[in-house]
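Chain residues, written in single-letter form:
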Amino acid sequence: MKIAVAGKGGVGKTTLASLLAHHYVSQGRPVLCIDADPSPCLGSALGFPDEKLDGLSPIAEMRELIAERTGSDPKQSAGGFFKLNPKVSDLPYKFSASHEGMRLLMLGAVEHGGSGCICPASALLKQLVNHIMVRRDEMVILDLYAGVEHLGRGTAESVDAMLVVAEPTRRSMGTARQVHGLASDIGVGEIHLVGNKADGAGDEAFFADNANGLPLIGCLHSSPEATIADRTGERLYDLDSALAAKTLRLAESLESKL
């Protein structure tokens, strides 16, 4: 199963991605976690030790690798001739780290060019995401940024579900609706809203009233243990049993729709 998690920065999408990863690992499923956020922090949320994270670099920052695979000039960020379908099949294992049943790969962000730019780095990243989503058969959790730029139309069709995370504010819900529209346009079939920091019936009602056609699949509460997990490197999934239980129900609800 391939699950993409998106939402406005700071709403808790990385927290949800880590909770889902730990849930599926607890079921005995190997999970490939992909951090596509320009400020990667999924590894810490997953509980990866610092020594394993120190050896990882985002693929988008590997200029020599990008040049080798695309046939481009490493000194040139855009323009020129390069391959649009570079070899990527070995990258998920060659440039990832593993820990307790999870494998982590960091994509990073393309620094040059605007939205939809065609450059060697973007070509490599899109080909890599396409390979993972279409050609591989393990459990995949893709932690996206606010947009959907890592997904192409062909790739999006292989995403089993996109979970759009929001907090109970108008701006957050506005971003959620934008992501919903973008994901629908490129062909993602199952798109669901996850309300985060929902600490009462009023918050849950706010999500339902402002979803504008985006189906609400579940809500998560604010967790005091999140700060402890962030400071100590422990897994929030282990520290907050109530949050783990809600993650289980959310996953069950999602699987019932697929």
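Check the entry above for the structure.
Residues numbered from 1 in each chain as written. Predicted model: local features only at pLDDT ≥ 70, side-chain atom pairs only at ≥ 80, totals over all residues. Heavy atoms only, no water.

Asker: What exactly am I supposed to notice about the packing of aromatic side chains here?
Answerer: Geometry of an aromatic ring pair is reported as the spacing of the ring centres plus the angle between the planes. Going through the model one piece at a time under the given rule, you end up with 1 aromatic pair. The interplanar angle of 70° and the centroid separation of 6.3 Å between the aromatic rings of phenylalanine 206 and phenylalanine 207 together place this pair among those described as edge-to-face. With relative accessibility at 0%, the residue phenylalanine 207 sits in the buried group. (Phe/Tyr/Trp six-rings, centres within 6.5 Å; stacked < 30°, edge-to-face > 60°. Buried < 20%, exposed > 50% of the residue type's maximum accessible area, 1.4 Å probe, protein only.)

Asker: I would appreciate a short explanation of unusual backbone geometry in the present structure.
Answerer: Excluding glycine, residues mostly have negative phi values, and the peptide bonds linking residues are mostly trans. Backbone geometry places lysine 197, a non-glycine residue, at a positive phi of 60°. Note that lysine 197 resides in the loop between strand E7 (191-195) and helix H9 (201-210). Overall, lysine 197 belongs to the partly exposed group, its relative accessible area being 30%. (Helix = DSSP H or I, 4+ residues; strand = E, 2+ residues; numbered from the N terminus.)

Asker: Just to check I follow, could you spell out the pairing of strand E1 (residues 2-7) for this structure?
Answerer: Side-chain positions along a regular strand alternate between the two faces of the sheet. Counting buried positions along E1 yields 6 of 6 residues, so the element is predominantly enclosed. Residues Lys2, Ala4 and Ala6 line one face of E1 and the alternating positions Ile3, Val5 and Gly7 line the opposite face, and both faces are buried. Examined bridge by bridge, E1 and strand E5 (residues 139-143) share 4 bridges and lie parallel to one another. Note on E5: the bridge partner recorded for valine 5 is aspartate 143. Sheet topology note: the E1/strand E6 (residues 161-166) ladder contains 5 bridges and is parallel. Pairing of alanine 4 across the sheet is with methionine 162, part of E6. (Pairing = 2+ DSSP bridges.)

Asker: Honestly, the packing of helix H4 (residues 63-70) against helix H6 (residues 120-135) in this entry has me stumped. Any pointers?
Answerer: Each packed pair of helices is defined by two parameters, the angle between the axes and the distance between the axes. One way to put it is that H4 packs onto H6 with a least axis distance of 9 Å and a crossing angle of 80°. The orientation of H4 with respect to H6, classified from their angle, is roughly perpendicular. Two secondary-structure elements touch here, H4 through Ile66, Arg69 and Thr70 and H6 through Pro120, Ala121 and Leu124. Per-class residue counts for the contact of H4 with H6 are 4 nonpolar, 1 polar and 1 charged. (Axes fitted to C-alpha atoms, helices over the stretch in contact; angles between N-to-C directions. Parallel < 35°, antiparallel > 145°, perpendicular 65-115°, else oblique. Contact = heavy atoms within 4.5 Å. Nonpolar A, V, L, I, M, F, W, Y, C, P; charged D, E, K, R; others polar.)

That's the geometry; what it means functionally is another story.
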